[in-house]
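Structure assessment
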Amino acid sequence: MSKKRIAVYPGSFDPIHNGHLDIIGRCRSVFDEVVVAVLGNEEKQPVFSVSERMAMITHELRECEDCRVESFSGLLADFMDQVGARTIIRGLRAVSDFEYEFQMALMNRRLNPRIETVFMVPKEEYIYLSSRLVKEVFFLGGDLTGLVPENVLRELGDRATGRV
Ligand code: PNS
């Protein structure tokens with residue numbers, strides 16, 4: 001029996017947006033299983049806690065039997081071994097992403113030579129999208145229709161009105 005091809009899609013996902021979901025969809029068409037790995041020990045102050053981010057992603061992937069949402073802390077290269085995966089997926093949006101992504105790919109491969117990083121390009125309409133811009137536009141009252149899932153918009157709204 002052939003071995004399962006597992007892809008790990010790591011990130012901060014604070015919060016998940018439609019560009020991320022587009023990449024996850026592309027992963028699903030190439031890999032047998034997709035592990036969405038939410039970084040737990042960030043230096044930057046997130047809007048959503050790790051469990052809130054995981055809950056939002058889990059909600060969006062509720063119909064995906066081959067998707068798992070996990071959190072990780074420490075080195076991604078070590079987490080890859082813990083889940084038995086060799087492929088890291090990263091979305092590439094623009095040339096400006098390249099340098100950082102290139103450094104990470106090489107460092108991860110140095111730390112764990114079994115790892116390959118595969119870059120995927122999202123749909124054109126999401127090419128400029130980032131979680132940082134999503135938060136900025138939302139909290140300044142801009143329209144995010146079509147850029148984030150409905151549930152994420154609601155969660156952002158709850159955050160803005162202090163309901164949570
Ligand atoms: O969504 P982001 O913030 O661009 O994701 C960055 C992430 C989580 C992929 C990166 O910061 C990471 O892998 N952090 C874990 C710590 C680690 O392994 N650092 C060395 C990377 S070469």
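Below you will find a few notes about this structure. Quick caveat: nothing in here was measured; it's all calculated off a predicted structure.

When the charged atoms of two side chains lie near each other, side chains of opposite charge can form a pair. Scanning all chains against the criterion turns up 12 salt bridges. The closest approach of N and O atoms between Arg114 and Asp81, which form a salt bridge, is 2.8 Å. Remark: Asp81 occurs in helix H3 (residues 76-83) and Arg114 occurs in the loop between helix H4 (95-111) and strand E5 (116-120); sequence separation between them is 33 residues. Between Arg90 and Glu101 there is a salt bridge, with its nearest N and O atoms 2.8 Å apart. Of this pair, Arg90 sits in strand E4 (residues 87-91) while Glu101 is found in helix H4, placing the two residues 11 residues apart along the sequence.

A separate point is the site of the ligand. Gly11, Ser12, Gly74, Leu76 and Arg90 are the nearest of the 13 residues found near the ligand. Leu76 places a main-chain nitrogen or oxygen 2.9 Å from an oxygen atom of the ligand. Side-chain polar atom of Arg90 to an oxygen atom of the ligand: 2.9 Å apart, as the coordinates give it. For the shell around the ligand, the element with the most residues is H4, which contributes four residues. Here the residues of the shell around the ligand sort into seven nonpolar, four polar and two charged.

Burial in H3 covers these residues: Leu76, Ala77, Phe79, Met80 and Val83. One face of H3 carries all of its buried residues, which in axial projection span an arc of 160°. Next to the buried residues of H3 lie strand E1 (6-11), strand E2 (33-39), strand E3 (67-72), E4 and H4. Note on H3: the residue one or two positions beyond its end, Gly84, has a positive phi of about 70°.

What follows is about the packing of helix H2 (residues 50-60) against helix H6 (residues 150-160). At a minimum axis distance of 10 Å, the contact between H2 and H6 shows a crossing angle of 155°. When the interaxial angle is binned, H2 and H6 end up roughly antiparallel. Where H2 approaches H6, its residues Glu52, Met56, His59 and Glu60 are matched on the opposing element by Asn151, Val152, Glu155 and Arg159. Grouping the amino acids of the contact of H2 with H6 by side-chain chemistry returns two nonpolar, two polar and four charged.

Now for the state of the cysteines. Tallying each qualifying case throughout the model produces one disulfide. Each disulfide pairs two cysteine sulfurs, and for Cys64 the partner residue is Cys67, the sulfurs being separated by 2.1 Å. Between Cys64 and Cys67 the sulfur-sulfur dihedral comes to about 75°; the bridge is accordingly right-handed. Judged on exposure class, the residue Cys64 and its partner Cys67 are both buried. Free cysteine Cys27: the closest other cysteine sulfur is in Cys67, separated by 8.6 Å. In this structure Cys27 comes out as buried when scored by relative accessible area, which is 0%.

Cut-offs and rules
- Residues numbered from 1 in each chain as written.
- Predicted model: local features only at pLDDT ≥ 70, side-chain atom pairs only at ≥ 80, totals over all residues.
- Heavy atoms only, no water.
- Salt bridge = Lys/Arg side-chain N within 4 Å of Asp/Glu carboxyl O.
- Helix = DSSP H or I, 4+ residues; strand = E, 2+ residues; numbered from the N terminus.
- Near = heavy atom within 4 Å.
- Polar contact = N/O pair within 3.5 Å; in protein donor to acceptor, adjacent residues only side chain to side chain.
- Nonpolar A, V, L, I, M, F, W, Y, C, P; charged D, E, K, R; others polar.
- Buried < 20%, exposed > 50% of the residue type's maximum accessible area, 1.4 Å probe, protein only.
- Arc of directions from axis to C-beta.
- Contact = heavy atoms within 4.5 Å.
- Axes fitted to C-alpha atoms, helices over the stretch in contact; angles between N-to-C directions.
- Parallel < 35°, antiparallel > 145°, perpendicular 65-115°, else oblique.
- Disulfide = S-S within 2.5 Å.

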